[in-house]
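Analysis of the macromolecular model
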Amino acid sequence: MASLSATSLCSFQSLQSQPIKTSQVTRTSLVSTGWGKSGFTPLRTSRFRICSAAKPETVQKVVEIVRKQLALPAESEVTPDSKFSTLGADSLDTVEIVMGLEEEFDINVEEDNSQNITTVQEAADLIEQLIEKKTQA
């Protein structure tokens, strides 16, 4: 399931000159865009953050596979935002992680998709998408 929220780098002003509250999401991809003067004071940039929330059990399985493939000790911190490279993975390790994920979740990750996986969360989100597509087929 994906959600969308936005935060502005400068405050919105409504036609009645009352500020509109903004909200912020703490992680994920950023997409920047700008608006003209249609009802708002000039706005330099707004940022949208798109969150795709994989199931916690999927994230946990990915963490376990990453720990196993990289031979990480149990006390090492692996979070959804952990980058494989930061955990010590090279390109071969990343390929082995993807192979482990394919085996564990009975999915097939295309090469294009596997090159875009850099964090535990990205892997978990991709797994959820592939499982959903598989059940719809």
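Residues numbered from 1 in each chain as written. Predicted model: local features only at pLDDT ≥ 70, side-chain atom pairs only at ≥ 80, totals over all residues. Heavy atoms only, no water.

In the nomenclature of an unreviewed UniProt entry, the protein chain corresponds to Acyl carrier protein from the organism Rosa chinensis. Reading the Sequence similarities (unreviewed entry) entry of the UniProt record for the protein chain gives the comment "Belongs to the acyl carrier protein (ACP) family." (UniProt positions renumbered as here; feature names shortened; annotations may be inferred.)

**Side note on the environment of alanine 74**
By the element assignment, alanine 74 lies in the loop between α1 (56-70) and α2 (91-105). C-alpha separation for the pair alanine 74 and glutamate 64, spaced 10 residues apart in sequence, amounts to 9.6 Å. (Helix = DSSP H or I, 4+ residues; strand = E, 2+ residues; numbered from the N terminus.)

**Things to note about helix α4 (residues 120-136)**
Over its 17 residues, α4 extends 25 Å from the first C-alpha to the last, a length consistent with the 24 Å expected when each residue adds 1.5 Å. Taken as a whole, α4 has its buried residues at Val120, Gln121, Ala123, Ala124, Asp125, Leu126, Ile127, Glu128 and Leu130. (Expected span 1.5 Å × (residues − 1). Buried < 20%, exposed > 50% of the residue type's maximum accessible area, 1.4 Å probe, protein only.)

**What to know about unusual backbone geometry**
What is expected of a backbone is that most residues other than glycine have negative phi and most peptide bonds are trans. Not every positive phi belongs to a glycine, and alanine 71 is a case in point at roughly 50 degrees. For alanine 71, the location among the structural elements is in the loop between α1 and α2. For alanine 71, a relative accessible area of 67% translates into the label exposed. Its identity is not glycine, yet aspartate 106 carries a phi of approximately 55 degrees, on the positive side. Relative to the helices and strands, aspartate 106 is located in the loop between α2 and α3 (111-114).

**Remarks on the pattern of salt bridges**
Side chains bearing opposite charge may pair, as long as their charged atoms lie close to each other. One pass over the full model with this rule turns up 2 salt bridges. Where glutamate 104 meets lysine 61, a salt bridge forms, and the shortest distance between an N and an O atom there is 3.9 Å. With glutamate 104 in helix α2 and lysine 61 in helix α1, this residue pair connects regions lying 43 residues apart in the sequence. Take lysine 61: its relative accessible area is 35%, and that puts it in the partly exposed class. A salt bridge links aspartate 106 to lysine 134, with the shortest nitrogen-to-oxygen separation between them at 2.9 Å. (Salt bridge = Lys/Arg side-chain N within 4 Å of Asp/Glu carboxyl O.)

**Overview of the packing of α1 against α4**
How two helices sit against one another is set out by the angle between their axes and by the gap between those axes. Contact geometry of α1 with α4 gives a least axis separation of 9 Å together with a crossing angle of 125 degrees. Between α1 and α4, the angle falls in the class oblique. You can see that α1 and α4 cross each other, and the crossing is right-handed. Contact residues: α1 offers Thr58, Val59, Val62, Val63 and Val66, while α4 offers Val120, Gln121, Ala123, Ala124, Ile127 and Glu128. For the contact of α1 with α4, the residue count by class is 8 nonpolar, 2 polar and 1 charged. (Axes fitted to C-alpha atoms, helices over the stretch in contact; angles between N-to-C directions. Parallel < 35°, antiparallel > 145°, perpendicular 65-115°, else oblique. Left-handed = near helix turned anticlockwise from the far one by under 90°. Contact = heavy atoms within 4.5 Å. Nonpolar A, V, L, I, M, F, W, Y, C, P; charged D, E, K, R; others polar.)

**What about the nonpolar core?**
One finds Val62, Val66, Phe84, Leu101 and Val120 to be the most contacted residues of the largest nonpolar core, which totals 24 residues. Listing elements by their share of this core, those giving two or more residues are α1, α2 and α4. With sequence-adjacent residues up to four places away left out, valine 66 is seen in contact with Leu72, Phe84, Leu87, Ile97 and Val120. (Core = buried A, V, L, I, M, F, W, Y, C linked by side-chain atoms within 4.5 Å.)

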